[in-house]
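A closer look at the structure
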Amino acid sequence: VCVLHLTATMAQIGEERDFGAEDEGGLEQPSAGAIFLHKLAMRYTTIKDSTAPHTAARWIGTAVLFLIYCIRIYLLNGWYIVTYGLGIYILNLGIGFLSPAADPAADDTVLPTAESDEFKPFVRRLPEFKFWHSTTRAIVVAFVLTFFSAVNIPVFWPI
(Lines give C-alpha, C1' and ligand atoms only; values in the text may rest on other atoms or scores of the structure.)
Protein backbone atom coordinates (compact mmCIF):
# COMPACT_ATOMS: atom_id res chain seq x y z
CA VAL A 1 0.00 0.00 0.00
CA CYS A 2 2.86 2.40 0.87
CA VAL A 3 4.60 1.63 -2.42
CA LEU A 4 1.42 2.34 -4.38
CA HIS A 5 0.89 5.61 -2.50
CA LEU A 6 4.52 6.63 -3.08
CA THR A 7 4.28 5.78 -6.78
CA ALA A 8 1.03 7.74 -7.15
CA THR A 9 2.52 10.72 -5.32
CA MET A 10 5.63 10.71 -7.52
CA ALA A 11 3.48 10.52 -10.66
CA GLN A 12 1.39 13.44 -9.43
CA ILE A 13 4.51 15.50 -8.73
CA GLY A 14 5.85 14.65 -12.20
CA GLU A 15 2.63 15.89 -13.79
CA GLU A 16 2.69 19.18 -11.85
CA ARG A 17 6.27 20.08 -12.77
CA ASP A 18 7.07 21.90 -15.94
CA PHE A 19 9.82 19.99 -17.71
CA GLY A 20 10.53 22.79 -20.19
CA ALA A 21 13.86 23.89 -21.61
CA GLU A 22 14.62 25.99 -18.51
CA ASP A 23 14.78 22.98 -16.18
CA GLU A 24 17.80 23.26 -13.89
CA GLY A 25 17.88 19.72 -12.61
CA GLY A 26 15.09 20.25 -10.08
CA LEU A 27 16.94 22.93 -8.13
CA GLU A 28 15.35 26.31 -7.68
CA GLN A 29 17.50 29.41 -7.79
CA PRO A 30 17.27 31.35 -4.53
CA SER A 31 15.97 34.89 -4.74
CA ALA A 32 18.17 37.91 -4.08
CA GLY A 33 16.43 38.40 -0.73
CA ALA A 34 17.13 34.81 0.32
CA ILE A 35 20.80 35.19 -0.65
CA PHE A 36 21.05 38.43 1.35
CA LEU A 37 19.42 36.86 4.42
CA HIS A 38 21.72 33.83 4.17
CA LYS A 39 24.81 36.07 4.02
CA LEU A 40 23.50 38.12 6.95
CA ALA A 41 22.88 34.95 8.99
CA MET A 42 26.38 33.67 8.18
CA ARG A 43 27.94 36.99 9.25
CA TYR A 44 25.92 36.96 12.50
CA THR A 45 27.04 33.40 13.23
CA THR A 46 30.67 34.31 12.54
CA ILE A 47 30.56 37.29 14.90
CA LYS A 48 28.74 35.27 17.57
CA ASP A 49 31.26 32.43 17.33
CA SER A 50 34.21 34.84 17.53
CA THR A 51 32.94 36.09 20.92
CA ALA A 52 32.90 32.59 22.46
CA PRO A 53 36.33 32.73 24.15
CA HIS A 54 35.75 36.21 25.64
CA THR A 55 33.44 35.32 28.53
CA ALA A 56 34.06 38.36 30.73
CA ALA A 57 33.75 40.85 27.86
CA ARG A 58 30.49 39.23 26.71
CA TRP A 59 28.89 39.46 30.14
CA ILE A 60 30.12 43.03 30.67
CA GLY A 61 28.53 44.00 27.35
CA THR A 62 25.29 42.30 28.34
CA ALA A 63 25.33 44.08 31.72
CA VAL A 64 25.85 47.45 30.02
CA LEU A 65 23.02 46.68 27.60
CA PHE A 66 20.76 45.72 30.51
CA LEU A 67 21.68 48.92 32.36
CA ILE A 68 20.77 51.00 29.29
CA TYR A 69 17.47 49.11 29.10
CA CYS A 70 16.74 49.78 32.79
CA ILE A 71 17.51 53.49 32.40
CA ARG A 72 15.18 53.65 29.38
CA ILE A 73 12.37 51.96 31.32
CA TYR A 74 12.92 54.30 34.28
CA LEU A 75 12.90 57.44 32.14
CA LEU A 76 9.88 56.37 30.06
CA ASN A 77 7.98 55.18 33.14
CA GLY A 78 6.28 52.36 31.25
CA TRP A 79 6.61 49.02 29.50
CA TYR A 80 6.48 47.16 32.80
CA ILE A 81 4.80 44.10 31.25
CA VAL A 82 7.74 43.76 28.86
CA THR A 83 10.14 44.11 31.79
CA TYR A 84 8.25 41.51 33.84
CA GLY A 85 8.37 39.11 30.90
CA LEU A 86 12.09 39.77 30.46
CA GLY A 87 12.73 39.14 34.15
CA ILE A 88 10.79 35.87 34.17
CA TYR A 89 12.56 34.70 30.99
CA ILE A 90 16.03 35.50 32.39
CA LEU A 91 15.10 33.77 35.66
CA ASN A 92 14.05 30.69 33.71
CA LEU A 93 17.35 30.75 31.80
CA GLY A 94 19.25 31.10 35.09
CA ILE A 95 17.50 28.08 36.54
CA GLY A 96 18.42 26.09 33.45
CA PHE A 97 22.02 27.27 33.75
CA LEU A 98 22.26 26.20 37.40
CA SER A 99 20.48 22.86 36.93
CA PRO A 100 22.28 19.65 36.06
CA ALA A 101 21.64 18.02 32.69
CA ALA A 102 20.75 14.70 34.33
CA ASP A 103 18.64 14.58 37.46
CA PRO A 104 20.76 12.91 40.14
CA ALA A 105 17.68 11.93 42.17
CA ALA A 106 16.24 9.99 39.23
CA ASP A 107 19.55 8.23 38.50
CA ASP A 108 20.05 7.09 42.12
CA THR A 109 23.65 8.28 41.94
CA VAL A 110 25.62 9.38 44.95
CA LEU A 111 28.73 11.46 45.28
CA PRO A 112 31.99 9.52 45.10
CA THR A 113 33.25 8.60 48.56
CA ALA A 114 36.51 6.88 47.64
CA GLU A 115 39.20 7.50 45.05
CA SER A 116 38.20 4.36 43.20
CA ASP A 117 34.64 5.70 42.66
CA GLU A 118 33.84 7.21 39.29
CA PHE A 119 33.96 11.01 39.12
CA LYS A 120 31.14 12.61 37.14
CA PRO A 121 31.62 16.30 36.42
CA PHE A 122 28.73 18.74 36.72
CA VAL A 123 27.13 19.10 33.30
CA ARG A 124 24.74 22.00 32.99
CA ARG A 125 21.35 21.71 31.35
CA LEU A 126 21.95 25.08 29.63
CA PRO A 127 25.57 25.87 28.68
CA GLU A 128 27.01 29.27 29.58
CA PHE A 129 27.30 30.47 25.98
CA LYS A 130 23.65 29.67 25.21
CA PHE A 131 22.66 31.32 28.49
CA TRP A 132 24.53 34.48 27.53
CA HIS A 133 23.24 34.47 23.96
CA SER A 134 19.60 33.96 24.99
CA THR A 135 19.86 36.61 27.71
CA THR A 136 21.39 39.18 25.37
CA ARG A 137 18.89 38.43 22.63
CA ALA A 138 16.00 38.80 25.11
CA ILE A 139 17.31 42.17 26.30
CA VAL A 140 17.60 43.40 22.71
CA VAL A 141 14.06 42.23 21.90
CA ALA A 142 12.70 43.90 25.05
CA PHE A 143 14.59 47.10 24.17
CA VAL A 144 13.09 47.12 20.67
CA LEU A 145 9.61 46.54 22.12
CA THR A 146 9.94 49.75 24.15
CA PHE A 147 9.70 51.69 20.89
CA PHE A 148 6.14 50.46 20.27
CA SER A 149 3.33 51.91 22.37
CA ALA A 150 1.07 48.93 21.59
CA VAL A 151 2.99 46.82 24.13
CA ASN A 152 2.91 49.54 26.81
CA ILE A 153 0.09 47.87 28.71
CA PRO A 154 -0.72 49.58 32.04
CA VAL A 155 -0.04 47.55 35.16
CA PHE A 156 -2.36 48.04 38.11
CA TRP A 157 -1.37 46.83 41.57
CA PRO A 158 -4.83 46.15 43.03
CA ILE A 159 -6.39 43.02 41.59
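Residues numbered from 1 in each chain as written. Predicted model: local features only at pLDDT ≥ 70, side-chain atom pairs only at ≥ 80, totals over all residues. Heavy atoms only, no water.

1. Overview of the overall build of the protein
Along the backbone of the protein there are 6 helices and 0 strands. Scanning the protein from its N terminus toward the C terminus, one meets helices and strands in the order α-α-α-α-α-α. In the protein, which comprises 159 residues, the proportion classed as buried is 15%. Within the protein, counting contacts between residues at least 6 apart in sequence, those at least 24 apart form 79% of the total. Total accessible area on the protein is roughly 12900 Å²; 68% of this is exposed by carbon and sulfur atoms. (Helix = DSSP H or I, 4+ residues; strand = E, 2+ residues; numbered from the N terminus. Buried < 20%, exposed > 50% of the residue type's maximum accessible area, 1.4 Å probe, protein only. Contact = heavy atoms within 4.5 Å. Areas by Shrake-Rupley, 256 points an atom, 1.4 Å probe, with all protein chains shown as cover.)

2. Section: the environment of P121
As for its position among the elements, P121 is in the loop between α5 (104–107) and α6 (128–145). P121 gets classed as exposed once you look at its relative accessible area, which sits at 53%.

3. Here we look at unusual backbone geometry
Here N77, not a glycine, exhibits a phi torsion of approximately 55 degrees, which is positive. Along the polypeptide, N77 turns up in the loop between α3 (55–76) and α4 (80–98). For W79, which is not a glycine, the phi torsion comes out positive at approximately 60 degrees. By secondary structure assignment, the location of W79 is in the loop between α3 and α4. On the basis of relative accessible area, W79 is assigned to the buried category, the value being 9%.

4. Points about the nonpolar core
Counting 8 residues, the largest nonpolar core is built from Y69, I73, W79, V82, L86, A138, I139 and A142. Going through the elements one at a time, α3, α4 and α6 are the ones with two or more residues in this core. A total of 3 residues in this core trace back to one element, the largest contributor, which is α6. Residues in contact with W79, not counting those within four places in the same chain, are Y69, I73, L145, T146, F148, S149, V151 and N152. (Core = buried A, V, L, I, M, F, W, Y, C linked by side-chain atoms within 4.5 Å.)

5. A few points about the packing of α4 against α6
Two elements in contact, α4 and α6, have axes separated by 10 Å at closest approach and are oriented at 180 degrees. For the element pair α4 / α6, the angle class is roughly antiparallel. Residues V82, L86, Y89, I90, L93, G94 and F97 of α4 lie in contact with α6, whose contacting residues are E128, F131, S134, T135, A138, I139, A142 and L145. Its residues placed into classes, the contact of α4 with α6 shows 11 nonpolar, 3 polar and 1 charged. (Axes fitted to C-alpha atoms, helices over the stretch in contact; angles between N-to-C directions. Parallel < 35°, antiparallel > 145°, perpendicular 65-115°, else oblique. Nonpolar A, V, L, I, M, F, W, Y, C, P; charged D, E, K, R; others polar.)

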